[in-house]
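These are the residues of each chain, in order.
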Amino acid sequence: MDKYDQKIMALLQDDGRMSISQLAREVSLSRSAVTERLKRLEEQHIISGYHARLGTAQQPPIRAYFELFYQVARCEQYAEQLRLLPEVQLCHSISGQTDMLVYVEVADMARLESLRREIENLPNITMVKTHMVLSELINRKF
């Protein structure tokens, strides 16, 4: 096995789907020379196959709204604490029985649960309601 074989194998380890033409250009050999080298490396079981390396697909975030109900404090006080949580994307002071509406994006349900507990443990929080986003029908802002 010489430097050309080693370079061919290194290139194939990085991209097992690289064409023979591309390999030939990369190692400065003819297509037929690269084809012969690949055939020999396969026959000697130095190359035992070509495989797909699967990455971890990025799952879309889990999205939810928390309705916050509290006593005594003001929205600005909670907003300062919520700003420290990277999953909190939006925070609105709203009218009605709900004091604050908080939009979050998390990687998984375990993080959603722990984030909810963190928020529930803020001083004077009396209740947190969770609303899971099932689908997005209109998005004009994002």
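Check the entry above for the structure.
Parameters at a glance
Residues numbered from 1 in each chain as written. Predicted model: local features only at pLDDT ≥ 70, side-chain atom pairs only at ≥ 80, totals over all residues. Heavy atoms only, no water. Helix = DSSP H or I, 4+ residues; strand = E, 2+ residues; numbered from the N terminus. Buried < 20%, exposed > 50% of the residue type's maximum accessible area, 1.4 Å probe, protein only. Contact = heavy atoms within 4.5 Å. Pairing = 2+ DSSP bridges. Axes fitted to C-alpha atoms, helices over the stretch in contact; angles between N-to-C directions. Core = buried A, V, L, I, M, F, W, Y, C linked by side-chain atoms within 4.5 Å.

*Asks:* Please clarify how the environment of M9 should be interpreted in this entry.
*Replies:* Summarising the element assignment, M9 is placed in helix α1 (residues 3-14). In this structure M9 comes out as buried when scored by relative accessible area, which is 18%. For the pair M9 and L41, spaced 32 residues apart in the sequence, the C-alpha separation amounts to 9.1 Å. When sequence neighbours within four positions are dropped, the list of residues in contact with M9 reads M1, L41, I46 and I47.

*Asks:* Looking at this structure, how should I read the sheet that holds strand β2 (residues 88-93)?
*Replies:* Two strands in a sheet stick together by hydrogen bonds in their backbones, pointing the same way (parallel) or opposite ways (antiparallel). Read from one edge to the other, the open sheet built from 4 strands follows the order β2-β3-β1-β4, with strand pairing classed as antiparallel. A single partner strand is all that each edge strand has here, and the edge strands are β2 and β4 (125-132). For this sheet, the mean inter-axis angle between neighbouring strands, taken without regard to orientation, is 20°. In this sheet, strand β3 (residues 100-106) lies alongside β2 in antiparallel orientation, the contact comprising 5 bridges. Considered in β3, the bridge of L90 is made with Y103. Along the sheet, helix α4 (residues 75-82) makes contact with β1 (62-70), β2, β3 and β4, crossing β3 at roughly 10°.

*Asks:* What exactly am I supposed to notice about the nonpolar core here?
*Replies:* Proteins that are soluble and globular tend to have nonpolar side chains buried together. Grouped together as the largest cluster of nonpolar side chains are 20 residues, with contacts concentrated most on F66, L68, L82, M100, V102, V104 and I119. If you list the elements that add at least two residues to this core, you get β1, α4, β3, α5 (109-120) and β4. In terms of residue count, β1 provides more of this core than any other element does, 5 residues in total. Those residues in contact with V104 that lie beyond four places of it in its chain are I62, R63, A64, F66, E87, V88, Q89, L112 and L115. Grouped together as the second largest cluster of nonpolar side chains are 12 residues, L11, A24, V27 and L38 included.

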